[in-house]
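# Examining the three-dimensional arrangement
These are the residues of each chain, in order.
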Amino acid sequence: MKLVYTIPNKLWWIQDFLDANAYKDLHNAIIKQRRELNLKTAEGVWDKRLHRNLKAPDRVQVSQYPPFEALKQKVINNTFFKLPVVEKITTTIHYMKNRSGINWHCDDSWKYGATYYINSRWNIHWGGEFMFADTHAHGFLPTTGNSLVIVKAPLDHKVNPVLSPIMPRISVQMFMK
């Protein structure tokens, strides 16, 4: 596990978040079970501004999903940033196909958001970058399997459209209060 980038008290990007076997098990569980997970479009669920001029991602909120329990505990107790007491945590799988993305927004109804990247391979030409901006820093983080981005609200961010016609961008999104 290594901290690759941080904006102090706002954003943490951690690579090699899970050990290799845990990552492989989580990756395989989501890939193998994706048809049973009942993914649905975010259109009609999310505010239209989040996906205006984009294809809305497919998603499913999951609870009591055994492959996520260890991931959630590791997010809450990660080495680089100890989250304060977490009263509520939601977990959602995002499955972003070609032309899916999320426009600029701020998840200020939550204290923290965390995105865990599932894709074991991702080409820089396939888009899907996580972009962020605040008064002190702006930039992007590439889609890197087995990495975690933690954002403390408020922080403006977006996901660039996925450009791969065959490979979806798959992540686990967690929101915490």
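Residues numbered from 1 in each chain as written. Predicted model: local features only at pLDDT ≥ 70, side-chain atom pairs only at ≥ 80, totals over all residues. Heavy atoms only, no water.

A word on the overall build of the protein. When its secondary structure is counted, the protein shows 2 helices and 12 strands. Helices and strands in the protein line up, N terminus first, as β-β-α-β-β-α-β-β-β-β-β-β-β-β. By the compact-globule yardstick of 16 Å for 177 residues, the protein fits well, its C-alpha radius of gyration being 15 Å. Taking the principal axes of its C-alpha atoms as reference, the protein extends roughly 40 × 35 × 30 Å. Partitioning the contacts of the protein with sequence separation of at least 6, the portion at a separation of at least 24 is 79%. For the protein, the exposed area adds up to about 9400 Å²; of that, 52% sits on carbon and sulfur atoms. Each charge sign in the protein was given a centre, from 24 positive and 14 negative side chains, and these centres are 3 Å apart. (Helix = DSSP H or I, 4+ residues; strand = E, 2+ residues; numbered from the N terminus. Rg over C-alpha atoms; globule rule 2.2 N^0.38 Å. Contact = heavy atoms within 4.5 Å. Areas by Shrake-Rupley, 256 points an atom, 1.4 Å probe, with all protein chains shown as cover. Lys, Arg positive; Asp, Glu negative; His and termini not counted. Charge placed at Lys NZ, Arg CZ, Asp CG, Glu CD.)

For the structure on display, the rule yields 4 salt bridges. Across the pair Arg 49 and Asp 47 runs a salt bridge, and its minimum N-O distance is 2.5 Å. For Asp 47, a relative accessible area of 36% gives the class partly exposed. Among the salt bridges present, the one from Glu 69 reaches Lys 72, with a minimum N-O distance of 3.4 Å. Here the residue Glu 69 and the residue Lys 72 both occupy positions in helix H2 (residues 66-76), the gap between them amounting to 3 residues, near one helical turn. For Glu 69, a relative accessible area of 33% gives the class partly exposed. Judged by its relative accessible area of 12%, Lys 72 is buried. (Salt bridge = Lys/Arg side-chain N within 4 Å of Asp/Glu carboxyl O. Buried < 20%, exposed > 50% of the residue type's maximum accessible area, 1.4 Å probe, protein only.)

Turning our eyes to something else, we now look at the sheet that holds strand S8 (residues 130-133). Pairing between sheet strands relies on hydrogen bonds along the backbone, with the strands arranged either parallel or antiparallel. Reading across from one edge, S6-S11-S8-S9 is the order of the 4 strands in this open sheet, with antiparallel pairing throughout. The two strands at the open ends of the sheet, each matched to only one other strand, are strand S6 (102-105) and strand S9 (138-141). The mean inter-strand angle of the sheet, taken between neighbouring strand axes irrespective of direction, is 15°. In terms of strand pairing, S8 meets S9 through 4 bridges, oriented antiparallel. Within S9, the residue paired with Phe 130 across the bridge is Leu 141. (Pairing = 2+ DSSP bridges. Axes fitted to C-alpha atoms, helices over the stretch in contact; angles between N-to-C directions.)

Just geometry here; none of it tells us what the structure is for.
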